[in-house]
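Read off the chains here:
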Amino acid sequence: MAAQQSVLAVIGHNVANTNTAGYSRQVAHLVQETPTLGVAQDYGNGVRVSGVYRQRDQVLDQELRQDLSDLGRWESRAGRLEMIEGIVNEPSDASLSAAMDEFWNAWSELSSDPDDQTRRAVVREQGRVLTYRLQTMVTRIEQLGQDIDSEIATRVGEFNLLLGDLRSLNTMVKESTLQGEAANDLRDRRDLLLDQLCQLANVTYGEREDGVLYLRLDHTMILDEAQYRPLEIRRSQDANGQRQVHIVLPTGETPELASGEIGGLIELRQQTLPEFLMDLDSLATGLISEVNNVHRAGPSGVDFFFGTGARDIAVSAQVEATLGSINTSTSGLPGDNDIALAISGLRDARVMQSGTISLSDHWSNVVGRLGIASREATFQKDSLTLTSETLQSRRASESGVSLDEELATLLSAQQAYLAAVRIFQTAEDMMDTLMSI
Amino acid sequence: MRVSTGMLHSTAVNELNRVWSRLQGLQSQIATGKRVSKPSDDPIAAAGVLRVRSQQRATEQYTRNLNEAREFATASDSALTRLVEVADRVQTIAVQVADASYGPEARAGLAAELDGLLEELIGLANTEYAGKRLFGGYQTREEPFSVTTDEKGSIIGAGLIERGSEGRLQRQVGDNVLLTINLTPTDLFGEDLALFEDIVALRDAALSGDSDQARSLVEPLAAGLDRLNLSQALVGGLISRIDGIEEWLGHLEVELEATRSEYQDLNMAEAAMEYQKEQSILQAALSTTTNLMSMSLVNYLK
C-alpha cells in the first residue's frame, strides 16, 4: 500500500508540473521486495519503490543544445542584417544609388546650359543630397554597432548570471548526491539553465560522478568544482581609431565564440559592420577623388567635394559659399561644357576595383552581397528553428508529462491500492475469524 | 510515438507561427506589388534592379538633353532660312550693280539697301534662343557679332568676339554619345567673316559705280550663298539625327522598363493564389488545434 501511495505522490508531482518549463517527468520504479528465504520455499514480501527516476535523454539534450547554440548565432545575425537592409533602403527612389544617379543627371543637365545659375544650384543641391545620404548611412550603421555593443554587455551579464546559478546548483546537487538522493528537480533546473547558456555561447559540458557539472568554453574550463570564470568585456581602439570589442576570461584568454548569440553579435560587431563601413568609405573616397580631379581643372580651381571618407564627405565650402565656383569648363567660357560633360560621364567610368567597375556597380555589388548574407542568415535561422523544434518535440516525447498517461497510471495505482486494502481486510477478517474460535 | 501534453501545444503554436509568417510576407508583397523590396528577397534581382533604374534615370536625362538640342537646332534652322533669303537678295543686287546701265540714284538706293541687309545679317548672326547665342560657338552670352563703322558712321566691316567663337557645342544624348548642335561663324560666313567683307565691298562698288568691282564679287557672293545653304542642310541633317536618337531612346525606355518589371514586380495572380492557399491552411490549422487541445482523459474521469 505504501508503495502505491508513493506512486500516487509521483503522479501528483508530474501532473502539477505538466506545464513547468524544463520539467522531466519522474517515474517511480517498482521492484519486488527482497524475498525472505525459507526452507521449503521463498516467501515474497511485496513491492517497494526502488527509486524515483527522471526520464531524460542526455544524448538528445546534447544534440538540442548544439542546435540552440547555432540558432542563437544565426538568429542574432539574421535580425541585425535585416536592420542593415532597412538602413540601406535599396531598391528605392530615396536611396544612395538614386542620389548618385540624380547627381550625374544634374551635371548632365548643367552641360546642356553651362552658364545657367539655376542648374548650378541644382548640381549643388544634388551634391548635398548625395553626401547627406552617405553620412546618414554611416551614422545609422555606427548606431547599430553601439546597440550591438550594449546587447553584448546584456548577454554577457546574462551568461555570467547563469554561470553563477549553475555554480550554486552544483553545490546543492553534490550535497544531495552525497546523501544518496536523486536530486531530480535540482537537475531539471540545472538542465534548463544549461539550455539557456548554450543559446548564448558554445559551451561544452559534462557531469562528474559526484554530480558536479563542469563547463568549457572553447577548451577553457569556466566552471568546475574549484573553477569559476565569468566572462569579461574588453574594449579597445585599433590603429584607425575604431572601437573594438573582445570577450575575455579573467585569466586573460580570449575564447573563440564560434556560435551562440554572443558569438553572433561579436562577429557582427567586429567583422560584418566594419567591412560594410569600409565599402561605404571606398565608395566615398572614389567619388571625392574622381569628381575633384576633373572639377579642379576649371577657372575657380576648387574641389567640389570635401572629405576623407563616407563619414565626413560634404560639398566643399567654396561651392557652398559661391555657386560661381562650380566649374563647367576648363576655359570658363559660357558655352563650353567639357568639365560638366566629363563629370556627368563619371557615371559609367570604371574607377573602382583597379579600374574594372564603376562607382554604381561597386555599390550594387555591396547591396547584392548584403542581400546574400541576409538571405543565408534567415535561411539558416529558419532551418535551425525547424530542427530545434523537432528535437524539442522528441525531448517532450521522452520527458514531457502526458496527462492521459498519468491519469491512466493513477487509475491503475488506485486499483492496486484498493486491491491491497482488500487483501489486507480479508487477511484481517481471517484473523478475526481465527481469534473468535 | 509517445506524445506529451506540452507537445501538442508547442507543435500547434510553431506551425501556426509559420503560416502567419508566410501570410504576412505575401500580404506585404501584394500591397506593394513588388516581389523584391529588399536585397534579401532576391539578391541578384535586387542588384539588377539597381542597374536598370540607373540606366532608366540616365535615359530620362538624355531625353531631356535631346529635346533641348532639338529646340536649339530648330531655332538655328529658322534663322538660317532668313539668312539664306538675305544672301540671295544680296546676290541679285550684285548682278544689278555689275550691270553698268544703272544710274547713280539707283545705285545709291541699292547701297542703302545693302547697308540695311548687312545690319540684318549681323542681327541674325546674333540670334539667341533660350538665352543662348546660336552661332557664336562658346560665346553664348554676349552678342558675338558686331558692325564696325568709321568716324562718319558708315559700315566698314563686321567684328567678332574671337575667343572660343569656333567652339563646338556638345550635348550628351547617350552613354558616351555626344551630339554637336551648332554652326560656327566660319561655317556660316567663311574665313574671317568673308561674306560681310564682300557685301561691304559690293556696297562701296554700288556707291562708286565700279561695275568691274561688282562683277568680280558675284562669284564670292554666290559661294557665300552656297555656304549658307549648306549650313541649313547640315542643320536639317542634325534634326533628322535627333529624330533617330529620340526613337532609339524611346525603344530603350520600353526595354528597360520591361527588364525592371521582370526583376522587381510581383506576379499578382500567382501571389493571390498563394495567399488563398495559405489562408485555408491557417483556417484548417486553427480549427484542428482548438479541437485537439480540448480533448483529454480528464473529461472522462468521474
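Scoring rules and cut-offs
Residues numbered from 1 in each chain as written. Chains lettered and ligands numbered in written order. Predicted model: local features only at pLDDT ≥ 70, side-chain atom pairs only at ≥ 80, totals over all residues. Helix = DSSP H or I, 4+ residues; strand = E, 2+ residues; numbered from the N terminus. Rg over C-alpha atoms; globule rule 2.2 N^0.38 Å. Buried ≥ 20, exposed ≤ 12 C-beta atoms within 10 Å, placed from the backbone. Contact = placed C-beta atoms within 7 Å. Nonpolar A, V, L, I, M, F, W, Y, C, P; charged D, E, K, R; others polar. Expected span 1.5 Å × (residues − 1). Axes fitted to C-alpha atoms, helices over the stretch in contact; angles between N-to-C directions. Parallel < 35°, antiparallel > 145°, perpendicular 65-115°, else oblique. Left-handed = near helix turned anticlockwise from the far one by under 90°. Core = buried A, V, L, I, M, F, W, Y, C linked by C-beta atoms within 7 Å. Domains from an automatic or database assignment. Pairing = 2+ DSSP bridges. Arc of directions from axis to C-beta.

A. Focus on the overall build of chain A. Looking only at helices and strands, one finds 10 helices and 11 strands in chain A. Its C-alpha atoms give chain A a radius of gyration of 36 Å, more than 25% over the compact-globule value 22 Å for 437 residues. C-alpha atoms of chain A, sized along the principal axes, occupy 140 × 45 × 35 Å. Burial status across chain A gives 38% buried among its 437 residues. Sequence separation of 24 or more characterises 67% of the internal contacts of chain A that already satisfy a separation of 6 or more.

B. Fine view of the overall build of chain B. Scanning chain B for helices and strands turns up seven helices and six strands. When its helices and strands are written in sequence order, chain B yields α-α-α-β-β-β-β-β-β-α-α-α-α. In terms of overall size, chain B is more extended than a compact globule, its C-alpha atoms giving a radius of gyration of 39 Å where 302 residues would be expected to give roughly 19 Å. Referenced to the eigenvectors of the C-alpha coordinate spread, the extents of chain B come out at roughly 140 × 30 × 25 Å. The proportion of buried residues among the 302 residues of chain B is 31%.

C. Quick look at the interface of chain B and chain A. Each partner contributes to the interface: chain B provides 48 residues, whereas chain A provides 48 residues. Of all the elements in the fold, those that place two or more residues in the side of chain B that touches chain A are helix H1 (5–32), helix H2 (43–98) and strand S5 (170–174) of chain B. The element best represented in the side of chain B that touches chain A is H2(B), accounting for 15 residues. Looking at the side of chain B that touches chain A, its residues break down into 17 nonpolar, 20 polar and 11 charged.

D. Summary view of helix H5 (residues 194–208) of chain B. Residue and element names in this part refer to chain B. In this model H5 runs 21 Å from its N-terminal to its C-terminal C-alpha over 15 residues, within 8% of the 21 Å that 1.5 Å per residue would give. Turning to H5, the residues buried within the fold contact H2, helix H3 (104–125), strand S4 (155–160), helix H4 (185–189) and helix H6 (211–264). Gly209 sits one or two positions beyond H5 and adopts a positive phi of about 80 degrees.

E. Spatial organisation of the packing of helix H2 (residues 58–88) of chain A against helix H9 (residues 359–399) of chain A. All names here are of chain A. At a minimum axis separation of 7 Å, H2 and H9 run at an interaxial angle of 150 degrees. On the basis of their axis angle, the class for H2 and H9 is roughly antiparallel. The chirality of how H2 crosses H9 is left-handed. A class-by-class count of the residues in the contact of H2 with H9 yields 15 nonpolar, seven polar and 11 charged.

F. Spatial organisation of the nonpolar core. Leu134(A) and Ile262(A) are the most contacted members of the largest nonpolar core, which totals 82 residues. It is helix H4 (residues 117–178) of chain A that contributes the most residues to this core, 13 residues altogether. Ignoring anything within four residues of it in the chain, the contact list for Leu134(A) reads Leu96(A), Leu280(A), Ala284(A), Ala310(A) and Ile313(A). Grouped together as the second largest cluster of nonpolar side chains are 47 residues, Ile93(B), Phe145(B), Leu202(B) and Leu238(B) included.

G. Looking closely at the domain arrangement of chain A. All names here are of chain A. Entries for chain A in the domain assignment read domain 1 (2–55 + 400–435) and domain 2 (61–376). Between domain 1 and domain 2, the contact holds nine residues from the first and seven residues from the second. The element best represented in the side of domain 1 that touches domain 2 is strand S2 (residues 47–54), accounting for four residues.

H. The arrangement of the packing of H2(B) against H6(B) in detail. Residue and element names in this part refer to chain B. Running from N to C, H2 and H6 point in directions that differ by 165 degrees, and their axes come no closer than 7 Å. Judged on the interaxial angle alone, H6 and H2 are roughly antiparallel. H6 is crossed by H2, and the crossing has left-handed handedness. A breakdown of the residues in the contact of H2 with H6 according to their chemical character gives 32 nonpolar, 17 polar and eight charged.

I. Seen up close, the environment of Ser231(B). All names here are of chain B. Along the chain, Ser231 turns up in helix H6. Residues Ser231 and Leu183, spaced 48 residues apart in sequence, show a C-alpha to C-alpha distance of 7.3 Å. Not counting residues up to four positions away in its chain, the partners in contact with Ser231 are Leu80, Leu183, Asp187 and Leu188.

J. Spatial organisation of the sheet that holds strand S4 (residues 213–217) of chain A. Residues and elements named next belong to chain A. Taken together, the three strands give an open sheet; going across it, the order is S3-S4-S5, and neighbouring strands pair in antiparallel fashion. The strands lining the two open edges of the sheet, one partner per strand, are strand S3 (203–207) and strand S5 (220–223). Averaged over all pairs of adjacent strands, the angle between strand axes in this sheet comes to 35 degrees, irrespective of strand direction. Bridge count for S4 against S5 is three bridges, and the pairing is antiparallel. By the bridge assignment for S5, Leu217 is matched with Thr220. Here H4 sits on the sheet in contact with S4 and S5, set at roughly 70 degrees to S5.

K. Inspection of the environment of Gln279(B) at higher detail. Relative to the elements of secondary structure, Gln279(B) occurs in helix H7 (residues 268–293). Residues Gln279(B) and Val19(B), 260 residues apart in the sequence, show an inter-C-alpha distance of 8.3 Å.

L. H3(B), seen in detail. All names here are of chain B. Compared with the 32 Å implied by 1.5 Å per residue over 22 residues, the 31 Å span of H3 between its first and last C-alpha is a close match. Looking only at H3, the buried set comprises Arg107, Leu110, Ala111, Leu114, Leu118, Leu121, Leu124 and Ala125. Seen along its axis, H3 keeps its buried residues to an arc of 140 degrees; they face one direction. Set apart from the buried face of H3 by more than 90 degrees, the exposed residues are Glu105, Gly116 and Glu119.

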